[in-house]
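# Descriptive structure summary
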Amino acid sequence: QVQVVESGGGLVQVGGSLRLSCVASGRTLRFAVLGWFRQAPGKEREAVGGIMWDTGATVYGDSMKGRVTISRDGAKNTVYLQMNNLKPEDTAVYYCASGLKSTISLLSRRAYSAWGQGTQVTVSS
(Lines give C-alpha, C1' and ligand atoms only; values in the text may rest on other atoms or scores of the structure.)
Protein backbone atom coordinates (compact mmCIF):
# COMPACT_ATOMS: atom_id res chain seq x y z
CA GLN A 1 0.00 0.00 0.00
CA VAL A 2 0.97 3.63 -0.29
CA GLN A 3 2.24 5.30 2.87
CA VAL A 4 1.52 8.98 3.42
CA VAL A 5 3.01 11.68 5.62
CA GLU A 6 1.39 15.10 6.06
CA SER A 7 3.04 18.38 6.89
CA GLY A 8 2.38 22.09 6.77
CA GLY A 9 -0.04 22.61 9.59
CA GLY A 10 0.22 25.53 11.98
CA LEU A 11 -1.41 28.63 13.38
CA VAL A 12 -3.07 31.05 10.97
CA GLN A 13 -5.33 34.04 11.41
CA VAL A 14 -8.91 34.22 10.23
CA GLY A 15 -9.04 34.88 6.51
CA GLY A 16 -5.54 33.54 5.99
CA SER A 17 -4.28 30.72 3.81
CA LEU A 18 -2.33 27.56 4.41
CA ARG A 19 -1.02 24.79 2.20
CA LEU A 20 -0.69 21.27 3.49
CA SER A 21 1.52 18.68 1.84
CA CYS A 22 1.19 14.92 1.72
CA VAL A 23 4.16 12.90 0.52
CA ALA A 24 3.28 9.44 -0.74
CA SER A 25 5.68 6.52 -0.86
CA GLY A 26 5.64 2.79 -1.34
CA ARG A 27 4.00 1.06 -4.24
CA THR A 28 3.30 2.78 -7.52
CA LEU A 29 0.82 5.63 -7.38
CA ARG A 30 -0.61 4.81 -10.78
CA PHE A 31 -3.83 3.37 -9.36
CA ALA A 32 -3.89 5.39 -6.17
CA VAL A 33 -6.42 7.79 -4.77
CA LEU A 34 -5.43 10.33 -2.15
CA GLY A 35 -7.76 12.09 0.19
CA TRP A 36 -7.83 14.81 2.80
CA PHE A 37 -9.96 14.57 5.91
CA ARG A 38 -10.20 16.60 9.07
CA GLN A 39 -11.32 16.01 12.62
CA ALA A 40 -12.15 18.69 15.15
CA PRO A 41 -12.32 17.91 18.88
CA GLY A 42 -15.50 16.05 19.72
CA LYS A 43 -16.54 15.73 16.09
CA GLU A 44 -16.56 13.03 13.48
CA ARG A 45 -13.78 12.85 10.91
CA GLU A 46 -15.08 14.48 7.73
CA ALA A 47 -13.94 14.56 4.15
CA VAL A 48 -12.34 17.69 2.75
CA GLY A 49 -11.75 16.18 -0.68
CA GLY A 50 -9.84 13.68 -2.75
CA ILE A 51 -7.90 13.24 -5.96
CA MET A 52 -7.31 10.42 -8.40
CA TRP A 53 -3.60 10.22 -9.00
CA ASP A 54 -3.73 9.08 -12.63
CA THR A 55 -6.18 11.66 -13.97
CA GLY A 56 -5.92 14.42 -11.40
CA ALA A 57 -9.69 14.46 -11.07
CA THR A 58 -10.81 15.95 -7.79
CA VAL A 59 -13.90 15.95 -5.64
CA TYR A 60 -14.63 18.18 -2.68
CA GLY A 61 -16.75 17.83 0.40
CA ASP A 62 -19.28 20.45 1.40
CA SER A 63 -17.40 21.61 4.49
CA MET A 64 -14.74 23.61 2.64
CA LYS A 65 -15.93 23.62 -0.97
CA GLY A 66 -14.95 26.80 -2.76
CA ARG A 67 -12.14 27.51 -0.33
CA VAL A 68 -9.84 24.58 -1.00
CA THR A 69 -7.94 23.16 -3.94
CA ILE A 70 -6.32 19.74 -4.10
CA SER A 71 -3.48 19.20 -6.55
CA ARG A 72 -0.62 16.78 -7.12
CA ASP A 73 3.00 16.95 -8.20
CA GLY A 74 4.07 13.74 -9.88
CA ALA A 75 7.76 14.56 -9.72
CA LYS A 76 7.57 14.89 -5.94
CA ASN A 77 4.93 12.22 -5.26
CA THR A 78 3.13 14.89 -3.31
CA VAL A 79 -0.48 15.95 -2.95
CA TYR A 80 -1.32 19.44 -1.75
CA LEU A 81 -4.28 20.92 0.05
CA GLN A 82 -4.47 24.67 -0.51
CA MET A 83 -6.84 26.28 1.97
CA ASN A 84 -7.99 29.87 1.66
CA ASN A 85 -10.17 32.24 3.65
CA LEU A 86 -9.78 30.10 6.75
CA LYS A 87 -12.32 30.33 9.55
CA PRO A 88 -12.11 29.40 13.25
CA GLU A 89 -14.34 26.39 12.56
CA ASP A 90 -11.64 25.04 10.25
CA THR A 91 -9.51 24.34 13.30
CA ALA A 92 -8.87 20.60 13.28
CA VAL A 93 -6.33 17.87 12.74
CA TYR A 94 -6.00 17.30 9.02
CA TYR A 95 -5.24 13.84 7.72
CA CYS A 96 -4.01 12.56 4.40
CA ALA A 97 -5.08 9.10 3.31
CA SER A 98 -4.35 6.76 0.44
CA GLY A 99 -6.20 3.95 -1.21
CA LEU A 100 -6.64 2.10 -4.48
CA LYS A 101 -8.90 3.34 -7.22
CA SER A 102 -12.36 1.81 -6.91
CA THR A 103 -16.04 2.67 -7.23
CA ILE A 104 -16.13 4.03 -3.68
CA SER A 105 -16.53 7.79 -3.42
CA LEU A 106 -13.35 9.67 -2.58
CA LEU A 107 -15.35 11.40 0.14
CA SER A 108 -15.86 8.12 1.97
CA ARG A 109 -13.37 6.88 4.56
CA ARG A 110 -13.91 3.41 3.09
CA ALA A 111 -11.99 4.48 -0.03
CA TYR A 112 -8.75 4.61 1.97
CA SER A 113 -6.57 1.99 3.63
CA ALA A 114 -3.61 4.00 4.87
CA TRP A 115 -3.63 7.18 6.93
CA GLY A 116 -1.06 9.70 7.98
CA GLN A 117 -0.53 10.81 11.54
CA GLY A 118 -2.27 14.13 10.99
CA THR A 119 -1.20 17.75 11.16
CA GLN A 120 -2.82 20.37 13.37
CA VAL A 121 -4.35 23.48 11.82
CA THR A 122 -5.45 26.22 14.20
CA VAL A 123 -7.28 29.30 12.97
CA SER A 124 -7.28 32.18 15.42
CA SER A 125 -9.75 35.04 15.46
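This text gives an overview of the structure that appears in the document. Nothing here was measured: the structure is a model prediction, and the numbers come from that model.

### As for the nonpolar core
Ranked by internal contacts, the top residues of the largest apolar core, which has 28 residues, are L20, L34, W36, V79, L81, M83 and Y94. Those elements that place two or more of their residues in this core are β1 (2-7), β3 (18-26), β4 (32-39), β5 (46-52), β7 (68-73), β8 (78-83), β9 (92-100) and β11 (119-124). It is β3 that contributes the most residues to this core, four residues altogether. If sequence neighbours within four positions are ignored, L34 has contacts with V4, G50, I51, W53, V79, C96, A97, S98 and Y112. Core analysis: the second largest hydrophobic core is formed by seven residues, V33, F37, A111 and Y112 among them.

### A word on the sheet that holds β8
Taken together, four strands build an open sheet; the order of strands is β1-β3-β8-β7 and the sheet is antiparallel. What marks the edges here is a single partner per strand, and that holds for β1 and β7. Shown here is a sheet whose adjacent strand axes are inclined to one another by a mean of 20 degrees, direction ignored. Sheet analysis places β7 next to β8, joined by six bridges and oriented antiparallel. Bridge pairing in β8 links D73 to T78.

Cut-offs applied
- Residues numbered from 1 in each chain as written.
- Predicted model: local features only at pLDDT ≥ 70, side-chain atom pairs only at ≥ 80, totals over all residues.
- Heavy atoms only, no water.
- Core = buried A, V, L, I, M, F, W, Y, C linked by side-chain atoms within 4.5 Å.
- Buried < 20%, exposed > 50% of the residue type's maximum accessible area, 1.4 Å probe, protein only.
- Helix = DSSP H or I, 4+ residues; strand = E, 2+ residues; numbered from the N terminus.
- Contact = heavy atoms within 4.5 Å.
- Pairing = 2+ DSSP bridges.
- Axes fitted to C-alpha atoms, helices over the stretch in contact; angles between N-to-C directions.

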